[in-house]
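# Survey of secondary and tertiary structure
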Amino acid sequence: MATLSEAYREHPLHLRHIIPLDFSSLSTLPDSHAWFQPHDHDHNNHQDDDDDHGHDRDGGIPSIPIIDLADPNAMELMGMACENWGAFQLKNHGVSVSDIEEVEKEAKRFFDLPTEQKLKALRSPGGATGYGRARISPFFPKFMWHEGFTIVGSPSSDAKKIWPNHYQTFCDKIEIFQKQMNALSEKLTRMMFNLLEIPEEEKKWVGSTNSNNGAIQLNFYPCCPEPNRAMGLAPHTDTSLFTILHQSETNGLQIFKEGNGWVQVNPNPNSLIVHTGDFLHIISNARFKCALHRVVVNRNKKRYSVAYFHNPPLDYVVSPLVVNSNDARFRRVGVKEYFGIKAKNFGEALSLISTS
């Protein structure tokens, strides 16, 4: 079976797009990370330190739906959220809050390490796992105010490089979280596929032994001296079926909604954020939006998040579910093939498989 590591190995990156800046040594914003000029006025491109986490709902500004997984109508509500937003917050999701907190604690423990220690687990140019910049970095003229650590399968290989004698705690916490996220992902996939009326033959992979193609991304957004000129994570859609995200108590994630612009997703300790990726957009024949999202940064507050990317097997072929093939908005495409298209063309990937 093809692996996620193989998909990335065929599209190596230059080291300048992998090695993060040592943010701890900076008191000013370097030009390499300055996305906006001082006179730019985009009030949504940074977070104020006194943000009221509840102002979106109280002030009438739209916010992504909150769905209770225990609600008998959860499947239909998810469908509506995916059609209108490409995203929703999920409560009563069954993932232990304490296990989520433990993973966030391990993420903080890693990112708090000295730079030279983190670099021991630097992602290789053709690698899928390890420490480094966001994989989307080469497609933008400026770098992002971000550090990441990617895990596919067991984290032990990279963890041993960082903590030769004390890696087990990190591995145990990550693996417990992986199992819970994979179980939740399978449940959500079945619900979404049932809603889309995907034929049984097309969803045999869900829950099978070769279906676990998930990846975990630990993210860190340090305090930024000029948050209104920097970008934590540039606007993009995910190469996934969908992504499940836990974010710390600091604001930063924004979802783009036509007619409203960038909408802040306020942290909720009892909910996980789910947003659609390219593969679900293709399978639904564009019925489900593909969530365009970004992360903005803060002057005085660090931000952490943990993302779980859920994918079909790499040898699987995705195709739009349509009655008449003439109605298909995308051609059939292999999962591994699409990873390659996205790795080379990024924002143009969906248009390159479009039939129109």
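Residues numbered from 1 in each chain as written. Predicted model: local features only at pLDDT ≥ 70, side-chain atom pairs only at ≥ 80, totals over all residues. Heavy atoms only, no water.

## As for the overall build of the protein chain
- A count of helices and strands for the protein chain gives 10 helices and 14 strands.
- Here the protein chain has a C-alpha radius of gyration of 20 Å; the compact-globule value for 356 residues is 21 Å, and the two agree.
- Referenced to the eigenvectors of the C-alpha coordinate spread, the extents of the protein chain come out at roughly 60 × 50 × 40 Å.
- Expressed as a percentage of its 356 residues, the buried residues of the protein chain come to 54%.
- The long-range fraction of contacts in the protein chain, counting pairs at least 24 apart against all pairs at least 6 apart in sequence, stands at 76%.
- For the protein chain, the accessible surface area stands at approximately 15600 Å², while carbon and sulfur atoms represent 49% of it. (Helix = DSSP H or I, 4+ residues; strand = E, 2+ residues; numbered from the N terminus. Rg over C-alpha atoms; globule rule 2.2 N^0.38 Å. Buried < 20%, exposed > 50% of the residue type's maximum accessible area, 1.4 Å probe, protein only. Contact = heavy atoms within 4.5 Å. Areas by Shrake-Rupley, 256 points an atom, 1.4 Å probe, with all protein chains shown as cover.)

## Comments concerning the sheet that holds strand β2 (residues 87–91)
- Spatially, the eight strands line up as an open sheet ordered β1-β2-β10-β7-β12-β5-β4-β3, and their pairing is mixed. Single-partner strands in this sheet number two, and they are β1 (66–68) and β3 (130–132). In this sheet, adjacent strand axes meet at a mean angle of 25° when their direction is disregarded.
- Taken strand by strand, helix α4 (residues 97–111) contacts β3, β4 (147–151), β5 (215–221), β7 (242–247), β10 (271–276) and β12 (303–310), and its axis lies near 60° from that of β5. (Pairing = 2+ DSSP bridges. Axes fitted to C-alpha atoms, helices over the stretch in contact; angles between N-to-C directions.)

## What to know about the side chain of S240
- If you trace the backbone, S240 turns up in the loop between β6 (233–236) and β7.
- With relative accessibility at 0%, the residue S240 sits in the buried group.
- Apart from residues lying up to four places away in sequence, S240 is in contact with G277, D278, F279, L280, F309, H310 and N311.

## Observations regarding the sheet that holds strand β11 (residues 293–295)
- The strand order across the open sheet formed by four strands is β6-β11-β8-β9, and the pairing between neighbours is antiparallel. At either end of the open sheet lies a strand with only one pairing partner, and these are β6 and β9 (261–264). Within this sheet the neighbouring strands show an average axis-to-axis angle of 25°, counted without direction.
- In terms of strand pairing, β6 meets β11 through two bridges, oriented antiparallel.

## What about unusual backbone geometry?
- The phi dihedral of N92 is positive, around 50°, even though this residue is not glycine.
- The topology assignment puts N92 in the loop between β2 and α4.
- We classify N92 as exposed; its relative accessible area is 52%.

## A few points about the nonpolar core
- One finds F88, F111, F149, L188, L218, I244 and I282 to be the most contacted residues of the largest nonpolar core, which totals 72 residues.
- No other element matches the 12 residues that helix α7 (residues 168–196) contributes to this core.
- Residues within four places of I282 in sequence aside, it is in contact with V318, S319, P320, F330, V333, Y338, L350 and I353.
- In terms of nonpolar packing, the next biggest core, distinct from the first, is built from 28 residues, A34, F140, V263 and A307 among them. (Core = buried A, V, L, I, M, F, W, Y, C linked by side-chain atoms within 4.5 Å.)

## Thoughts on the environment of K108
- As for its placement among the helices and strands, K108 is situated in helix α4.
- A C-alpha to C-alpha distance of 26 Å links K108 and F88, two positions 20 residues apart in sequence.

## Focus on the pairing of strand β8 (residues 253–257)
- Most of β8 is tucked away, with four of its five residues classed as buried.
- Bridging between β8 and β11 involves three bridges; their strand directions are antiparallel. For Q254, the partnering residue across the bridge sits in β11 and is R294.
- Two elements, β8 and β9, share four bridges in a ladder whose sense is antiparallel. Each bridged residue has a counterpart across the sheet, and for Q254 the counterpart in β9 is Q264.
- What sits between the antiparallel neighbours β8 and β9 is a turn of three residues, in which G259 has the positive phi angle 90°.

## Some thoughts on the packing of aromatic side chains
- Inspection of the entire model under this criterion finds 18 aromatic pairs.
- Ring geometry for F139 and F346: centres 4.8 Å apart, planes at 15°, overall stacked. Of the two residues, F139 is situated in the loop between β3 and β4 and F346 in the loop between α9 (335–345) and α10 (349–352); the sequence distance between them amounts to 207 residues.
- Taking NZ or CZ as reference, R133 lies 3.7 Å from the ring centre of F143, over its face.
- Above the ring of Y8, the side-chain terminus of R135 is found at 3.7 Å from the ring centroid. (Phe/Tyr/Trp six-rings, centres within 6.5 Å; stacked < 30°, edge-to-face > 60°. Lys NZ or Arg CZ within 6 Å of the ring centre and 35° of its normal.)

## Some words on the confidence of the model for the protein chain
- On average, the protein chain scores 91 in pLDDT, and the residues at 70 or more come to 92%.
- Note on residues 49–58: pLDDT is under 50 here. Beyond four places in sequence and across chains, it has 19 contacts. (pLDDT = per-residue confidence, 0-100.)

## Here we look at the pattern of salt bridges
- According to the stated counting rule, one finds 14 salt bridges in the structure shown.
- Note that K336 is salt-bridged to E10, the shortest N-O span being 3.1 Å. Residue K336 is located in helix α9, and its partner E10 is located in the loop between α1 (4–9) and α2 (55–58); the two are separated by 326 residues in the primary sequence.
- The exposure class of K336 is partly exposed, given its relative accessible area of 25%.
- Across the pair K173 and E102 runs a salt bridge, and its minimum N-O distance is 3.6 Å. A residue pair is termed long-range when its members are at least 10 positions apart, and K173 in helix α7 and E102 in helix α4 qualify at 71 residues. (Salt bridge = Lys/Arg side-chain N within 4 Å of Asp/Glu carboxyl O.)

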